[in-house]
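Notes for the structure review
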Amino acid sequence: MKSLMGMAFLMATSASCQTLPYDPTKKHHTAEGFVNNYPHEKHGFTELLKWKWESFDLEVKTKALPLAENDPEYLRKNRTDPTLTWIGHATFLLQFAGLNILTDPQLSERASPVSFAGPKRYTPVGLPIERLPLIDVVIISHNHYDHLDLTSVKQINDQQKNKPPLFFVPLGLKSWFAEQGIENVVEMDWWDQQRHREWTIHSVPVQHFSARTPWDRDKTLWTGWILQHPDFVFFFAGDTGYSKDFADIQKRLGPIDLSALPIGAYEPRWFMKSVHFNPDDAVKAHQDLRSRYSVGMHWGTFKLTDEPIEEPPRLLKKALEREGISQDKFFIMKHGQTISLEFINSK
Ligand code: ZN
Ligand code: ZN
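Notes on the structure follow. (Residues numbered from 1 in each chain as written. Chains lettered and ligands numbered in written order. Predicted model: local features only at pLDDT ≥ 70, side-chain atom pairs only at ≥ 80, totals over all residues. Heavy atoms only, no water.)

**Quick look at the overall build of the protein**
Scanning the protein from N- to C-terminus turns up 10 helices and 16 strands. The C-alpha radius of gyration computed for the protein amounts to 19 Å, which stays within 12% of the reference 20 Å derived for 347 residues, consistent with globular compactness. Here the C-alpha coordinates of the protein stretch approximately 50 × 45 × 40 Å along the principal axes. Burial status across the protein gives 58% buried among its 347 residues. The contacts in the protein between residues at least 6 apart in sequence include a share of 72% that link residues at least 24 apart. Total accessible area computed for the protein in this model is approximately 15,200 Å², and 53% of it derives from carbon and sulfur atoms. (Helix = DSSP H or I, 4+ residues; strand = E, 2+ residues; numbered from the N terminus. Rg over C-alpha atoms; globule rule 2.2 N^0.38 Å. Buried < 20%, exposed > 50% of the residue type's maximum accessible area, 1.4 Å probe, protein only. Contact = heavy atoms within 4.5 Å. Areas by Shrake-Rupley, 256 points an atom, 1.4 Å probe, with all protein chains shown as cover.)

Here is the structure:
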């Protein structure tokens, strides 16, 4: 019930009122906020309370998962080798073609608006924020606290005062960043694209929602990102339920070399299905995307939902076996682990 305490605290604080970005010619824009592309069940605050009530007695045991050792000094100096480091949850450091990219940086103790309550990290951060290499680009999928953490984005921006990273954010979030003093921000709508050095950055639709308070549901957009380099195409799904969006992404922007897909935070299904993949959904998306490789994320870090913490990789393995996909095509990493992405280029 601690998370409800956080919610109550939040209700006591003021709602922010900003002008909604709204283009009536676009199907996913409405005067009340953004909507997903495909029909799905939508759950509100009452159902959130029902879930919390029903799972009141449910004790999901958490324990820190083992961290892999990494070499922050190597990562700091590296501007040539393609690498991927899983810092935890949806936070990856991707180094490719001289660019250091960070996804959804959340390196705090809690995924919450307040420091005393809300989902707590049970596996430590895989790479401390002060030991990150110089970050060139940060991509943000949406404004939920486990993906957009004020302390993390501020610290990353502040520790690079002279050379702040460029933040790519979904529509409606630029003003939030400006309020925090972060100005180097590009805001994008679904299917928008931006050139950055040798890369083209695309915002792509996924099925989710947004909210930081009880009053701002769907007022800012949620998005996946395709980062396209002549030698490498990376897809970062952020948070998503399964939908036809993945086949659409494949059609417009495939082929994809590596996808970061969520595999955790899926129980109870009646509540989570439309907004969070379970491992079966992640495998279906991997197939729809025709992704050469995928890596699982969004598990083993914060206790957000009801499934046992070590279940997602187990169910992923089963789903892959059932579909005849080898484990190295859709792999998982240890927290803190760095892998070389050389195998991506040996096409
Ligand atoms: Zn979310
Ligand atoms: Zn999430």
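**A short note on the coordination of the zinc ion (ligand 2)**
Taken together, the protein donors to the zinc ion (ligand 2) comprise Asp146 (OD), His147 (NE2), Asp239 (OD) and His298 (NE2), at separations of 2.1 to 2.4 Å. One way to put it: the 4 donor atoms around the zinc ion (ligand 2) meet at angles of 88 to 153°, and that makes the site irregular. Site description for the zinc ion (ligand 2): donor spacing in sequence, D-H-x91-D-x58-H. Between the zinc ion (ligand 2) and the zinc ion (ligand 1) the interatomic distance comes to 3.8 Å, and Asp239 is a ligand of both metals. (Donors = N, O, S within 2.8 Å, 3.2 Å for Na, K, Ca; no water. Tetrahedral: all angles 85-135°; square planar, octahedral: opposite > 155°, others 65-115°.)

**Here we look at the sheet that holds strand β6 (residues 137–139)**
By way of backbone hydrogen bonds, the strands of a sheet pair with one another, either parallel or antiparallel. Pairing is mixed in the open sheet, where 7 strands are placed in the order β8-β7-β6-β5-β4-β3-β16. In the strand order of this sheet, the two ends are held by β8 (185–188) and β16 (338–340), each with one partner. Strand-to-strand, the axes of this sheet are offset by a mean angle of 20°, without reference to chain direction. Judged from the 3 bridges that link them, strand β5 (residues 99–103) and β6 form a sheet pairing that is parallel. Bridge pairing in β6 places Ile101 opposite Val137. (Pairing = 2+ DSSP bridges. Axes fitted to C-alpha atoms, helices over the stretch in contact; angles between N-to-C directions.)

**Regarding the pattern of salt bridges**
By the definition in use, this model includes 14 salt bridges. Residue Glu73 is joined to Lys77 by a salt bridge in which the shortest nitrogen-to-oxygen separation is 3.7 Å. Residue Glu73 and its partner Lys77 are located together in helix α3 (residues 72–77), separated by 4 residues, close to a single helical turn. Asp281 is the salt-bridge partner of Arg269, the closest N and O atoms lying 2.7 Å from each other. Taken together, the residues span a long stretch of sequence, with Arg269 in helix α7 (residues 269–272) and Asp281 in helix α8 (residues 279–289) at a distance of 12 residues. With respect to class, Arg269 is no different from Asp281; both count as buried. (Salt bridge = Lys/Arg side-chain N within 4 Å of Asp/Glu carboxyl O.)

**Describing the coordination of the zinc ion (ligand 1)**
In an ideal octahedron of six donors the angles at the metal are 90 or 180 degrees, and in an ideal tetrahedron of four donors they are 109.5 degrees. For the zinc ion (ligand 1), every protein donor is listed as His142 (NE2), His144 (ND1), His208 (NE2) and Asp239 (OD), and the spread of their distances is 2.0 to 2.2 Å. In this structure, the zinc ion (ligand 1) is surrounded by 4 donor atoms whose angles at the metal cover 89 to 167°, and the resulting shape is irregular. Here the donor residues of the zinc ion (ligand 1) are spaced in sequence according to H-x1-H-x63-H-x30-D. Taking relative accessible area as the criterion, Asp239 reaches 3% and is therefore assigned buried.

**Examining the environment of Ile339**
Locating Ile339 in the fold gives a position in strand β16. Considered as a pair, Ile339 and Asn70 are 269 residues apart in the sequence and their alpha carbons are 9.5 Å apart.

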